[in-house]
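Geometric and topological summary
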Amino acid sequence: MPARKLYFEGIRVGDELPALAKAPIDRVQLSRYAGASGDFNPVHVDEVYAKSVGMPSVYAPGMLVMGMLGQLISDWARGGQLRRYHVRFIKMVWPGDTVVCKGRVSDRHGEGGRYFVEVELWAENQRGELVMKGNSTIQLFYSLEDENRQRAGQSPIVVEVPRESLLQASAAQAAGDTEEDDERRTGSMSGKKTTGSKPAAKTATAPAAAHAPAAAKKATKK
């Protein structure tokens, strides 16, 4: 039975991707990745050489961790099209480290029948230290009906969706907190008690379905 697809109408800013925890990095994996990617830099596979250039041991190529983050986003965005994927390397990953990949929807917008979500991505080691940070843009069908229409050669469903982002949500939350503080201070000065409530955060968990790129599939461990 095919996995349920992801549609734009069901996504909200702030939704978190299900975390992807990989098995601890080992030297066998580094050798397999070198063979799969064609990157035979000795600092990743030759312990003696790595120590000769001042490293405590071999270390994982940044592209290996990038492949892990790529698996996270491709598993989540089932049925979507990856339009952009960018990462920044933060910290080295060593043999024995466990990489946990995480993500969160930071932006959504739609215009002219095309719908996009922006996703913040990051990877941490077993100590909670940030080792990689990135972002991606995914294009999605608005709904199942929209997908069926387009695959049948018909025009897409057009819903104008103003840009929504975490920055806007944070600003609105900050404004709300300021108003609540003002109300509390006013109530305290007047001898009245006031209470405020914050909206609950919205989250969604999606089952994994897609596969990582070919090189990453050969080298990464689930």
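Above this note sits the structure.
Report follows, based on the coordinates. Bear in mind that the values here come from a model prediction, so they are computed numbers and not experimental data. (Residues numbered from 1 in each chain as written. Predicted model: local features only at pLDDT ≥ 70, side-chain atom pairs only at ≥ 80, totals over all residues. Heavy atoms only, no water.)

**Remarks on the pattern of salt bridges**
With the rule as written, the count across this model stands at nine salt bridges. A single network of salt bridges, built from pairs that share partners, joins Lys5, Glu147 and Arg151. (Salt bridge = Lys/Arg side-chain N within 4 Å of Asp/Glu carboxyl O.)

**Let's talk about the packing of helix H1 (residues 27–37) against helix H4 (residues 62–76)**
How two helices sit against one another is set out by the angle between their axes and by the gap between those axes. Direction vectors running N to C along H1 and H4 enclose 90°, while the axes themselves pass 11 Å from each other. One finds that H1 runs roughly perpendicular with respect to H4. Between H1 and H4, the residues in contact are Gln29, Leu30 and Tyr33 and Met63, Leu64 and Met68, respectively. Grouping the amino acids of the contact of H1 with H4 by side-chain chemistry returns five nonpolar, one polar and no charged. (Axes fitted to C-alpha atoms, helices over the stretch in contact; angles between N-to-C directions. Helix = DSSP H or I, 4+ residues; strand = E, 2+ residues; numbered from the N terminus. Parallel < 35°, antiparallel > 145°, perpendicular 65-115°, else oblique. Contact = heavy atoms within 4.5 Å. Nonpolar A, V, L, I, M, F, W, Y, C, P; charged D, E, K, R; others polar.)

**So, the packing of aromatic side chains**
Enumeration according to the criterion identifies four aromatic pairs in this entry. Aromatic side chains Phe8 and Tyr142 sit 6.1 Å apart centroid to centroid with 40° between the ring planes, which places their arrangement in the tilted category. Of this pair, Phe8 sits in the segment before strand E1 (20–21) while Tyr142 is found in the loop between strand E5 (130–140) and helix H5 (144–151), placing the two residues 134 residues apart along the sequence. Tyr142 carries the same exposure label as Phe8, and that label is buried. For the pair Tyr115 and Tyr142, a centre-to-centre distance of 5.0 Å together with 55° between the ring planes defines the contact as tilted. In this pair, Tyr115 is assigned in strand E4 (residues 114–124) and Tyr142 in the loop between E5 and H5, connecting sequence segments 27 residues apart. Here Tyr115 and Tyr142 have matching classes, each one buried. Members of the aromatic cluster, each reached through a chain of ring pairs, are Phe8, Tyr115 and Tyr142. (Phe/Tyr/Trp six-rings, centres within 6.5 Å; stacked < 30°, edge-to-face > 60°. Buried < 20%, exposed > 50% of the residue type's maximum accessible area, 1.4 Å probe, protein only.)

**Topic: the nonpolar core**
Across soluble globular proteins, nonpolar side chains have a tendency to be buried as a group. Of all hydrophobic cores here, the largest spans 36 residues; its most connected members are Leu69, Trp76, Cys101, Val117, Ala123 and Met132. Of all elements in the fold, only H1, H4, strand E3 (100–111), E4 and E5 reach the threshold of two or more residues within this core. Here the element with the most residues in this core is H4; it accounts for eight residues. (Core = buried A, V, L, I, M, F, W, Y, C linked by side-chain atoms within 4.5 Å.)

**Notes on the side chain of Ser165**
Structurally, the position occupied by Ser165 is in strand E6 (residues 161–165). In this structure Ser165 touches Val13, Ser106 and Asp107, once residues within four positions along its chain are discounted.

**Notes on the side chain of Ser106**
Looking at the element boundaries, Ser106 is found in strand E3. Among all residues touching Ser106, those that are not within four sequence positions of it are Val13, Glu118, Val119, Glu120, Glu164, Ser165 and Leu166.

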